Each structure stands twice: as C-alpha cells, then as structure tokens.
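Summary of structural features
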Amino acid sequence: ADRRGAVRLEKLARRPGEPRSFQAVLPPELWIHLAVVACGSRLEETLVMLKSAVLFSHRKIQFHIFTEDSLKPEFDKQLRQWPDSYTKKFEHRIYSITFSVGNPQEWKKLFKPCAAQRLFLPVILKDVDSLLYVDTDVLFLRPVDDIWKLLRLFNSTQLAAMAPEHEIPKIGWYSRFARHPFYGSAGVNSGVMLMNLTRIRSTQFKNSMIPTGLAWEDMLYPLYQKYKNAITWGDQDLLNIIFYFNPECLYIFPCQWNYRPDHCMYGSNCREAEHEGVSILHGNRGVYHDDKQPTFKALYEAIRDFPFQDNLFQSMYYPLQLKFLETVHTLCGRIPQVFLKQIEKTMKRAYEKHVIIHVGPNQIH
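These numbers were taken from a predicted model, which means no experiment stands behind them.

Along the protein chain, the regular secondary structure elements total 16 helices and 9 strands. Each of the 365 residues in the protein chain was classed as buried or not, and the buried ones make up 55%. Of the contacts formed within the protein chain by residues at least 6 apart in sequence, a portion of 72% connects residues at least 24 apart. Roughly 16600 Å² of accessible area belongs to the protein chain as shown, and the carbon and sulfur atoms make up 52% of that amount.

This is the structure we're talking about:
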C-alpha cells in the first residue's frame, strides 16, 4: 500500500515527459531506515556497507549511524564526498553512543565495542516506525528495498525478523554450547535484523524474571544481570533469550538474507542461496580482512574499490568474476554462482533502468 501511494505521489509531482526520479518525490515517511553501530576500527567497513546499500537501492534511505565522537567528523566528511547522483539517494544522521539503562561502560564492553547499542534503538529512535539494523560487516548484493518488503509479511504479533544462526541444528553453536535459552532449534543471528519499532515500544514481553510482562527498555538491564555469566555473543544472546520467551514476536527470513562463511565453509548448506543467490553477505569472523575466505574478501574489495561513476559490469562484475577464478580451490569458492547470481541480476536491472531513463526507449536499437 505504501509503495502504491508513493507511485501516485510521484506521478502527481512529475511533469509529462520528465524522467522518473523516485527518490526526489518520495515523502520521508516512506523512506527506508537503515541503522548501524560502528566503533573502533570499523570506519572503512561501515562506509563500504553504506556504499553497497546506495549503489543498488531504489527508494530513498535514511542512515542512522551510531559511533564514537572521534569518528563522527570522518563519517560526515566521507559521505558528503560521494557524487551528487548518489547523495540524493540518502540522508544521514550521526549519533553518539548512549545507553539509557544500566552501566554504560558495562554495555559498551558487551561482546564487541558498542554492539549493545542496537538493543536501545527502539528507545532512541522514537520517531521511527520501522528499521533495518545491520552489522558493519554486511554487504547488500541487491536493493535494500527487497528486504524492506519483508516487513509486509509480518503477522499481527511479529515485531522483528532475523535469520537462523545455523541451518543444521546438530552442528550449530547454540544447540551444542549455549548455557542459556535461545530461539528455536538453532538460535538466530542478529547481524541483519528488521524491526517494527512501534510494535516493540508498545509490547509487554514475557520473561523469566517476573510473572507479568515487561516493556522493552525495562527488560534489558535485568535480563543482562540475570544471564551475563552465561552469554558468549553479547547482545545476540540477549535477543535469543527474549525471543525464546516470545517466539510469536519473531519472523524468520531465510539464510540468503544473512549469508555467512558458515553457510559454505563446511559445505554448502543454504538452499535458498543456491536457488536465488546471496542477497545480503555477512562477512563475520573478520573474513574481509584476512585470507581465510577469499570469496568474501573479493566481494568486499570489489565494492570498496568501485569508482561510483563507472560502469557496474566493466568495473565491478567482470573483475569480480576473474577474482573468483582464483578462489575455486576453497570450499566457498567452489560455488561462485551462489555469490554472483543475485548481484548480476541487480546490475542488469540497474543498467536497463539507466539506459531507458537516460538514453530513452526510442533511441535503443
């Protein structure tokens, strides 16, 4: 419904014969909201993630960047240096790291620097209805619009969406090692997380601390205090505990939306990616910055090094194919089509759109 309304608004705003410019007329309430938390040495990685989002997106995006004060000027400087044809596709806000309950230093040290900030997004972003949170080590291989559409699939009780931590429970981390409750048979991975913040703020969550429900903000610190000696993966473990007690609140999307080295380093075990291709790549374990998974590293470097104004096929896709030939000796490199299928589709759509809009359908021979 939102999309149809936006299209109607666009038609009203556009004069006959003018080229289509979707971002220019889309009202702010229909923008995509994308949040990331970046501390320490994550500046470049975060910028590459944001670049991947902007390269392929159709709808305008509002970036919410949570970072240390020392990194704020550099984020702002780098984003403003991008070409106008891309900066018109997004706006950005940069926030300080803040924790509204409990000990800030304790939260800041949970798992990775500042990662627990994500738990407080429903409290901080009070004017935002829905949000896509991603880790800094995520790359979009298709338009962000496509995962945003999954919000429409939520039923009346669902308020967040994540992918399973593992496709095969018996070899998954949670099923073998967890010392706390977790969602389902294998747990969930929180590196890519859709949230209906309005629903989160208005829900009373079942829990193991008191017999009645607790609001999201009121639940966070008592939950951490109860389980802090049992958790390993910080905020992700806390989310698993929350949705263990509230399974009706969670929508599960398939692994192609959060594809990690675990999906190919022990043999290919993400069927959706085999059929559809990887939609969102999640390079956890630091694989963009070492040589353990060269397929992941090749994709990261291809997007990082792509000059904004160049041809996507010539400057990104074809060099990427050549790089992948060097990775066929690795387990993940044996299935290059899984990594290339979706990004090739995305580039073809972007190229066709560019030709039709900027050259004109009557000039194509």
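All right, on to the nonpolar core then. Judged by nonpolar contacts, the single largest core of 72 residues is most densely connected at L34, L132, F140, I147, Y259, L281 and F339. Looking at this core element by element, the count peaks at 9 residues for helix 3 (residues 43-56). Split by domain, the residues of this core number at least three in each of domain 1 (32-253) and domain 2 (256-357). In contact with L132, other than residues within four places in its own chain, are H33, L34, A35, F140, V144, I147, W148, V192, M193 and L194.

What follows is about the state of the cysteines. As enumerated under the stated definition, the model contains 3 disulfides in all. Here C39 is linked by a disulfide to C114, with a sulfur-sulfur distance of 2.1 Å. Between C39 and C114, the S-S torsion sits near -100°, and that sign places the bridge as left-handed. Of this pair, C39 sits in the loop between strand 1 (32-38) and helix 3 while C114 sits in the loop between helix 6 (104-108) and helix 7 (121-124), and the two are 75 residues apart along the sequence. Across the pair, C114 and C39 agree in class, each one buried.

For helix 3, built from 14 residues, the straight-helix expectation of 20 Å at 1.5 Å per residue is met to within 8% by its first-to-last C-alpha distance of 21 Å. With respect to burial, helix 3 is a largely interior element, 13 of its 14 residues being buried.

Take the sheet that holds strand 4 (residues 130-134) next. On the basis of which strands lie adjacent, the open sheet formed by 7 strands has the order 3-2-1-4-7-6-8 and mixed pairing. Each edge of the open sheet carries a strand with a single partner, namely strand 3 (90-95) and strand 8 (250-252). Direction aside, neighbouring strands of the sheet carry axes that sit 25° apart on average. Summarising the sheet, strand 4 and strand 7 (residues 188-196) pair through 5 bridges and their orientation is antiparallel. Looking at the pairing, V134 lines up with V192 of strand 7. Relative to the sheet, helix 3 contacts strand 1, strand 2 (61-67), strand 3 and strand 4, its axis offset from that of strand 1 by approximately 165°. Across the sheet, helix 12 (residues 235-245) lies against strand 6 (160-164), strand 7 and strand 8, angled at about 65° from strand 7, the strand it touches most.

Moving on, we get to the pattern of salt bridges. Scanning the entire structure with this criterion turns up 15 salt bridges. Linking K72 and D69 is a salt bridge whose minimum nitrogen-to-oxygen distance equals 3.4 Å. Here E301 makes a salt bridge to K323, at a shortest N to O gap of 3.2 Å. Highlighted residues: E301 in helix 14 (residues 294-305) and K323 in helix 15 (residues 312-325), separated in sequence by 22 residues. By relative accessible area, which is 18% here, E301 ends up buried.

Put simply, helix 3 and helix 14 touch, their axes get as near as 9 Å, and they point 75° apart. The orientation of helix 3 with respect to helix 14, classified from their angle, is roughly perpendicular. Together, E44, E45, V48, K51, S52 and L55 of helix 3 and Y300, I303, R304 and D305 of helix 14 make up the contact between the two elements.

Let us look at the pairing of strand 6. Most of strand 6 sits out of view: 5 of its 5 residues are buried. As defined by bridge partners, strand 6 adjoins strand 7 across 4 bridges and the pair is classed as antiparallel. Counted as the bridge partner of A163 is N189 from strand 7. Alignment of strand 6 against strand 8, held across 3 bridges, turns out to be parallel. Paired with A161 across the bridge in strand 8 is Y251.

Thresholds, definitions, all that
Residues numbered from 1 in each chain as written. Predicted model: local features only at pLDDT ≥ 70, side-chain atom pairs only at ≥ 80, totals over all residues. Heavy atoms only, no water. Helix = DSSP H or I, 4+ residues; strand = E, 2+ residues; numbered from the N terminus. Buried < 20%, exposed > 50% of the residue type's maximum accessible area, 1.4 Å probe, protein only. Contact = heavy atoms within 4.5 Å. Areas by Shrake-Rupley, 256 points an atom, 1.4 Å probe, with all protein chains shown as cover. Core = buried A, V, L, I, M, F, W, Y, C linked by side-chain atoms within 4.5 Å. Domains from an automatic or database assignment. Disulfide = S-S within 2.5 Å. Expected span 1.5 Å × (residues − 1). Pairing = 2+ DSSP bridges. Axes fitted to C-alpha atoms, helices over the stretch in contact; angles between N-to-C directions. Salt bridge = Lys/Arg side-chain N within 4 Å of Asp/Glu carboxyl O. Parallel < 35°, antiparallel > 145°, perpendicular 65-115°, else oblique.

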